[in-house]
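Observations on chain architecture
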Amino acid sequence: MRTFWGPDFGALERDDPEIADVLLDELARQRDTLTLIASESFTSPAVLAALGSTLANKYAEGYPGHRYYGGCAQADRAEELAVERARELFGADHANVQPHSGASANLAAYAALAEPGDPVLAMGLPHGGHLTHGSRANFSGKWFHPIAYRVAPDTELIDYDEVRDLALAHRPKLIICGATSYPRLIDFARFREIADEVGAYLLVDAAHFIGLVAGRAVPSPVPYADVVTCTTHKALRGPRGGMILCREELAQRVDKAVFPFAQGGPMMHAVAAKAVALREAGTPAFQEYAHQTVRNAQALASWLTAEGMRPVTGGTDTHLALLDLREVGVSGREAEARCAAAGIALNKNVIPYDPEKPAVASGIRVGAPSVTSQGMREDEMRRIAELIGLAVRCDPQTAAGTSRLAGIGEEVTGLVRRFPFYQEQEVLA
Ligand SMILES: *Cc1c(COP(=O)(O)O)cnc(C)c1O
């Protein structure tokens, strides 16, 4: 007979009541507040079970069949399943499932495709790019020569003509597309054309939207990119971690760039959990989630418009929307704090050509993966938009504002409790 040793909360409560307390409070927070953070979703209990498993103990430096440690038979099986599922789901020649995070995956991709000092063309941070796309505070901006493209001031869409002009002028070794706060589809074919014209590699950083690709709700970058990097914990709904997909010719370079260049031993419990998530992502239920996530984000964007907020680019094709709050007269920072006081988690975000500095910002970013995972649909998005509209207009400096925010918070809790999840953990609380 085989027995599974699963997460034992009783042991944690006995041995470390302080951390047990943190975990109970976090479960309560996730259940009782509204999560509109665009980069988060709720993993399945199956993913959490794999994460809390004994594979966490295993060192498995290297790759299946070529490890630097003994006892790796099960680690090999987990990794082979994860790789096979990723290749099949995304139609990729090769997959590396070891990156610890999206940033680690990008470090490895740079290492596989470019040399320090090489010019790299990527979306500027103020326009939706990620820190790893050339920020001076990050390896990408310190060790490479970043050139930033922007969105057009009128349409707020990527200015492909400018991308091409910059590519011709700077001859980058690497062109990157994919962003953290760009609500529209990206024209991968156009990026491929530009990369081919200047002899650059094309890296698509699909960290945010790979889950929508898996669910067939947006087009796949895989046929166009030399390398696709992504996270597994955003809309894909897996464990925190990263992943790289690439063409066969680049497989060895990518693998060597992950290990031993960028990382040591892989987190095998996370690799097993990635395998679980990738299997789930291949189901019809996941496709329905991905499509509903986009519909919910679109509903949120249009109902927030009715609340006086302007969706950047006029709307969204994806799981997230970026709202310009200048008409409301509230900064992104204030809006984030007011919503938080009402139990709504979202984040401030700069908008293109933002007159405010990033710490203040003129916008907020909202995302639908978490609420969609909970089972909410367009009707709930309408009410959520109304609650956000009310919350951002409450001044917490006044007694009336504070009490209104508390009232909104009660309604938020009532709303989310109609969509319960992680119920099997109830016995613990
Ligand atoms: C989230 C994100 C990353 C980084 O992922 P981490 O797991 O936080 O390191 C990289 N690129 C983009 C575009 C992202 O949105």
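Under an unreviewed UniProt entry, the name given to the protein chain is Serine hydroxymethyltransferase, and the source organism is Actinoplanes palleronii. Per its UniProt entry, the protein chain bears the Sequence similarities (unreviewed entry) comment "Belongs to the SHMT family."

The next subject is the UniProt feature "site: Plays an important role in substrate specificity" (unreviewed entry) in the protein chain. Under the UniProt annotation, the feature "site: Plays an important role in substrate specificity" (unreviewed entry) is placed at His233. The topology assignment puts His233 in the loop between β9 (227-231) and β10 (242-246). Relative accessible area serves as the criterion here: at 13%, His233 is assigned to the buried category. In this structure His233 touches Ser39, Ser41, Gly238, Pro239, Arg240 and Gly241, once residues within four positions along its chain are discounted. In this structure the side chain of His233 is engaged in a polar contact, spanning 3.4 Å, whose partner is the side chain of Arg240.

Between its first and last C-alpha, helix α10 (residues 251-262) extends 15 Å over 12 residues, near the 16 Å set by a 1.5 Å rise per residue. Within the span of α10, buried status applies to Ala251, Val254, Asp255, Ala257, Val258 and Phe259. Seen end-on, α10 carries its buried residues on one side only, within an arc spanning 155°. Exposed side chains of α10 directed beyond 90 degrees from the buried face belong to Gln252, Lys256, Pro260 and Phe261.

On to the UniProt feature "domain: Serine hydroxymethyltransferase-like" (unreviewed entry) in the protein chain. UniProt annotation of "domain: Serine hydroxymethyltransferase-like" (unreviewed entry) refers to residues 12-388 when read in the numbering used here. Overall, residues 12-388 shows 43% helix and 15% strand. The separation of its end C-alpha atoms is 37 Å.

Moving on, we come to the sheet that holds strand β11 (residues 310-311). If you trace the four strands from one edge of the open sheet to the other, you get β11-β12-β15-β14, paired in antiparallel fashion. Each edge of the open sheet is held by one strand with a lone partner, namely β11 and β14 (347-349). Pairing of strand β12 (residues 320-324) with strand β15 (residues 363-367) involves five bridges; the strand directions are antiparallel. Residue pairing across strands places Leu323 opposite Ile364, the latter belonging to β15. On the sheet, helix α13 (residues 332-341) packs against β14 and β15 and is oriented at approximately 170° with respect to β14.

Going through the model one piece at a time under the given rule, you end up with 14 aromatic pairs. When the ring of Phe139 is compared with that of Phe144, the centres are 6.4 Å apart and the planes differ by 80°; the resulting orientation is edge-to-face. By the burial criterion, Phe139 is buried, and Phe144 matches it. For the ring pair Tyr149 and Phe191, a centre distance of 5.6 Å and an interplane angle of 50° mean the geometry is tilted.

Bringing the site of the ligand into the picture now. Within the structure, the ligand sits among 13 residues, and Gly102, Ala103, Asp205, His208 and Lys234 are positioned closest to it. For the ligand, a nitrogen atom lies 2.6 Å from a polar atom in the side chain of Asp205. Contact distances for the ligand include 2.8 Å between an oxygen atom and a side-chain N or O atom of Lys234. When the ligand is considered free in solution it has 380 Å² of accessible area, and contact with the protein chains removes 85% of it. With three residues, the top contributor of residues to the shell around the ligand is helix α5 (residues 102-113). Split into classes, the residues belonging to the shell around the ligand amount to three nonpolar, eight polar and two charged.

With that settled, the discussion passes to the state of the cysteines. Scanning the entire structure with this criterion turns up zero disulfides. With no disulfide partner, Cys246 has as its closest neighbouring cysteine sulfur the one in Cys230, 12 Å distant. On the basis of relative accessibility, which here comes to 5%, the residue Cys246 falls in the buried class.

Here we take up the domain arrangement of the protein chain. Domain annotation of the protein chain identifies domain 1 (95-257) and domain 2 (284-417). On a C-alpha basis, the centres of domain 1 and domain 2 stand 27 Å from each other. Of the residues lining the interface, 27 residues belong to domain 1; the matching set on domain 2 comes to 26 residues. Taken together, both faces of the contact between domain 1 and domain 2 bury some 2,200 Å²; the carbon and sulfur share is 57%. Considering only the surface of domain 1 that becomes buried against domain 2, Glu156, Pro183 and Arg184 emerge as the three largest contributors, covering 29% of it.

A few words now on helix α8 (residues 188-198). Residues of α8 that are buried include every one of Phe188, Phe191, Arg192, Ile194, Ala195 and Val198, and no others. The arc that holds every buried residue of α8, seen down its axis, measures 165°, which confines them to one face. With respect to the buried face of α8, the exposed residues turned more than 90 degrees away are Glu193 and Asp196. Close packing links the buried residues of α8 with β6 (145-149), α7 (160-170), β7 (174-177) and β8 (201-205).

A separate point is the sheet that holds β8. Pairing within the open sheet is mixed, and its seven strands lie in the order β4-β10-β9-β8-β7-β5-β6. The two strands at the open ends of the sheet, each matched to only one other strand, are β4 (94-96) and β6. Each strand of the sheet is rotated relative to its neighbour by a mean of 20°, with strand direction disregarded. Pairing analysis gives two bridges linking strand β5 (residues 119-123) to β7, with the strands arranged parallel. Note that in β7 the partner of Val120 across the bridge is Leu174.

Cut-offs and rules
- Residue positions are counted from 1 within each chain, in the order its sequence is given.
- Given that the model is predicted, a residue must reach a pLDDT of at least 70 before its local features are reported, and side-chain atom pairs must reach 80 or more before they are shown or counted; all residues, however, enter totals for whole chains, interfaces and linings.
- To get the side-chain values, all heavy atoms of the structure are used, and hydrogens and water are removed first.
- UniProt positions are given in the numbering used here, feature names are shortened, and annotations may be inferred rather than shown by experiment.
- Numbering of helices and strands starts at the N terminus; helices are DSSP runs of H or I of at least 4 residues and strands are runs of E of at least 2.
- Throughout, exposure labels follow a simple rule: accessible area from a 1.4 Å probe, protein chains only, divided by the maximum for the residue type, with under 20% read as buried, over 50% as exposed, and the rest as partly exposed.
- Contacts: residue pairs with any heavy atoms within 4.5 Å of one another.
- Between N or O atoms, a polar contact is any pair within 3.5 Å; within protein, one atom must be a potential hydrogen donor and the other a potential acceptor, and residues adjacent in sequence are included only when both atoms are from side chains.
- A helix's residues, less one, multiplied by 1.5 Å, set its expected span.
- Throughout, the arc means that of the directions going from the helix axis to the C-beta atoms.
- We call two strands paired when DSSP finds no fewer than two bridges between them.
- The axes are straight lines fitted to the C-alpha atoms, using for helices just the contacting stretch, and the angles between their N-to-C directions are given from 0 to 180°.
- Stacked, tilted and edge-to-face pairs are distinguished by plane angle, under 30 degrees for stacked and over 60 for edge-to-face with tilted covering the rest, among Phe, Tyr and Trp rings (Trp via its six-membered ring) whose centres lie within 6.5 Å.
- Put simply, a residue is near a molecule or strand once any heavy atom of it comes within 4 Å of that molecule or strand.
- Under the convention used here, a 1.4 Å probe and the Shrake-Rupley method define accessible areas, while residue burial counts only the protein chains that appear.
- The nonpolar class holds Ala, Val, Leu, Ile, Met, Phe, Trp, Tyr, Cys and Pro. Asp, Glu, Lys and Arg form the charged class, and all remaining residues, Gly among them, are polar.
- Criterion for a disulfide: a pair of cysteine sulfur atoms at a distance within 2.5 Å.
- Start and end points for every domain follow an automatic or database-based domain assignment.
- What gets called buried area is simply the loss in accessible area from a 1.4 Å probe that two parts show on being joined, summed for both.

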